[in-house]
Amino acid sequence: MTKVVFLALWYCPIYPSALFFCSFSLVMSYFVDRFSLMRSWAPSPKIGKIISRISRRYFMPAAVCISAIMASYMWTSFNFDNLCVVYSFDYGTTDYDGTWIMPSIKHGRIDRAGGIQTTRLVDIKSSKDQLYEFCNQNFLSERRESLKFPALPSYQPVGNHWMSDDQERLTRVFGWSSVGILCFVVSFYILVVIHTLTKSYKPKGEDKEIPFSASGTAGYVPQVKSDVINFPLIACPVQPIIDDDLIDWASPFYSYENFDLTIDADKIMDRDKKGRSVTDTAFSKVVHWEAPV
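Quick summary incoming for the structure in this document. Since the model is a prediction, treat every value here as computed from it, not as a measurement.

Calculation rules
- Residues numbered from 1 in each chain as written.
- Predicted model: local features only at pLDDT ≥ 70, side-chain atom pairs only at ≥ 80, totals over all residues.
- Heavy atoms only, no water.
- Salt bridge = Lys/Arg side-chain N within 4 Å of Asp/Glu carboxyl O.
- Helix = DSSP H or I, 4+ residues; strand = E, 2+ residues; numbered from the N terminus.
- 1 Å grid on protein atoms, 1.4 Å probe; cavity = no way out; pocket = protein on both sides within 12 Å on 5 of 7 lines; lining within 4 Å.
- Points joined across faces, edges and corners; volume = space filled by probe spheres on them.
- Nonpolar A, V, L, I, M, F, W, Y, C, P; charged D, E, K, R; others polar.
- Disulfide = S-S within 2.5 Å.
- Buried < 20%, exposed > 50% of the residue type's maximum accessible area, 1.4 Å probe, protein only.
- Phe/Tyr/Trp six-rings, centres within 6.5 Å; stacked < 30°, edge-to-face > 60°.
- Patch = residues over 30% accessible without salt bridge, like charges linked within 9 Å, V, L, I, M, F, W, Y side chains within 5 Å.
- Areas by Shrake-Rupley, 256 points an atom, 1.4 Å probe, with all protein chains shown as cover.
- Lys, Arg positive; Asp, Glu negative; His and termini not counted.
- Charge placed at Lys NZ, Arg CZ, Asp CG, Glu CD.
- Expected span 1.5 Å × (residues − 1).
- Contact = heavy atoms within 4.5 Å.

## Digging into the pattern of salt bridges
Here comes step 1: What the rule picks out here adds up to two salt bridges.
Here comes step 2: Close ionic contact of Arg169 with Asp166 constitutes a salt bridge, the shortest N to O distance being 2.1 Å. With Arg169 and Asp166 both in helix α4 (residues 165–198), this residue pair falls three residues apart, about one helical turn.

Structure, rendered in structure tokens:
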């Protein structure tokens, strides 16, 4: 979705219909994804709203800012032909003025009548023609000495003005608008960074004054489910766990040590060169301290 929106915002200044194609694409994507979620795809993991939040808060402002900047540059390059009118030219010194004998062309080939090439007279007077010369209309081109920002009519080369009066007025509006949008987006990102680095924790709700040990909630103890054992295997040393209520299950015949994977790992694996056991390096650690009376 973000790629489609970005492309639409990039090209909409010169091709406004891109916004309609983008809308159609998003609508089709919505119905296809909805059908796939309900009928074809497996249940997706619960990742929350963080991806959509990042896209809405950070991607969209950047995309709008880039669209405004590109719009200003595209309007300066209109009509994209790299041709400028030659205003000062000595028409009396042209070498191609006069009457010339040209071969007649018929159906894309030189016309020959009875095997003889036919000709016609062509009278050329350059004083009646408008002359053009090449000029680089792209302010983002590598041929320019430096980047021109914002894109304003004043950056046109001396003697090579290709913009009309209406185009110059519109270009000024787009150029300074892109500067304003860029400043706003950059300020927004700076405020986001400052808020992220300086924000403090604010609890939600009210303190019920119920200790964790009395809440009946099990602690997070790493466990591995097995298809051949009725109870999960504990992937951490169980000795530091003083309170058995931290584990939400209990075997009627065996203690928790019988399900401790670290005991088996210590018997199978040797210690490393530093004398550390596999329990110290490969397993998680869960420690419980009794609440003071």
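## Notes on the layout of surface pockets
Here comes step 1: The space that makes up the largest pocket amounts to roughly 250 Å³.
Here comes step 2: The set of elements that each furnish at least two residues to the lining of the largest pocket consists of α3 (50–77) and α4.
Here comes step 3: For the lining of the largest pocket, the residue count by class is five nonpolar, two polar and three charged.

## Structural notes on the state of the cysteines
Here comes step 1: In this structure the tally under the stated criterion is one disulfide.
Here comes step 2: Each sulfur in the disulfide pair Cys84 and Cys135 lies 1.8 Å from the other. Between Cys84 and Cys135, the disulfide has an S-S torsion of 85° and is therefore right-handed. Within this pair, whereas Cys84 is found in strand β1 (residues 83–85), its partner Cys135 is found in the loop between β8 (132–134) and α4, the two being separated by 51 residues in sequence. Cys135 carries the same exposure label as Cys84, and that label is buried.
Here comes step 3: Just so you know, Cys22 is unpaired, no disulfide at all, and the nearest cysteine sulfur is the one on Cys12, 9.6 Å from it.
Here comes step 4: Free cysteine: Cys183, not disulfide-bonded; nearest cysteine sulfur from Cys65 at 8.9 Å.
Here comes step 5: With a relative accessible area of 44%, Cys183 lands in the partly exposed category.

## A few points about the packing of aromatic side chains
Here comes step 1: Considering all chains together, one arrives at 14 aromatic pairs under this definition.
Here comes step 2: Between Trp75 and Phe78, the aromatic rings sit 6.0 Å apart at their centres with planes inclined by 40°, giving tilted as the arrangement.
Here comes step 3: We classify Phe78 as partly exposed; its relative accessible area is 43%.
Here comes step 4: Plain terms: the ring middles of Phe188 and Tyr189 are 5.7 Å apart, the flat faces sit at 50° to each other, and that makes the pair tilted.

## Remarks on a nonpolar patch on the surface
Here comes step 1: On the surface, Leu7, Tyr11, Ile14, Tyr15, Phe21, Phe78 and Phe80 cluster together into a nonpolar patch covering about 750 Å² of accessible area.
Here comes step 2: Residue placement: Leu7 occurs in helix α1 (residues 2–11).
Here comes step 3: Judged by its relative accessible area of 49%, Leu7 falls in the partly exposed class.

## Digging into a positive patch on the surface
Here comes step 1: A cluster of like positive charges, contributed by Lys49, Arg53, Arg56, Arg57, Lys199 and Lys204, occupies part of the molecular surface.
Here comes step 2: Tracing the chain through its elements places Arg53 in helix α3.
Here comes step 3: Note on Arg53: relative accessible area 32%, which makes it partly exposed.

## Structural notes on α4
Here comes step 1: Under the 1.5 Å per step criterion, the end-to-end length of α4 is 50 Å for 34 residues, consistent within 8% with the ideal 50 Å.
Here comes step 2: Among the residues of α4, Gln167, Glu168, Thr171, Gly175, Ser178, Val179, Val185 and Val192 are the ones counted as buried.
Here comes step 3: Considering only its buried residues, α4 is in contact with α3.

## Let's talk about the side chain of Ser67
Here comes step 1: With respect to the secondary-structure elements, Ser67 resides in helix α3.
Here comes step 2: Residue Ser67 is classed as buried on the basis of its relative accessible area of 10%.
Here comes step 3: In contact with Ser67, not counting residues within four places along its chain, are Leu9, Cys12 and Pro13.

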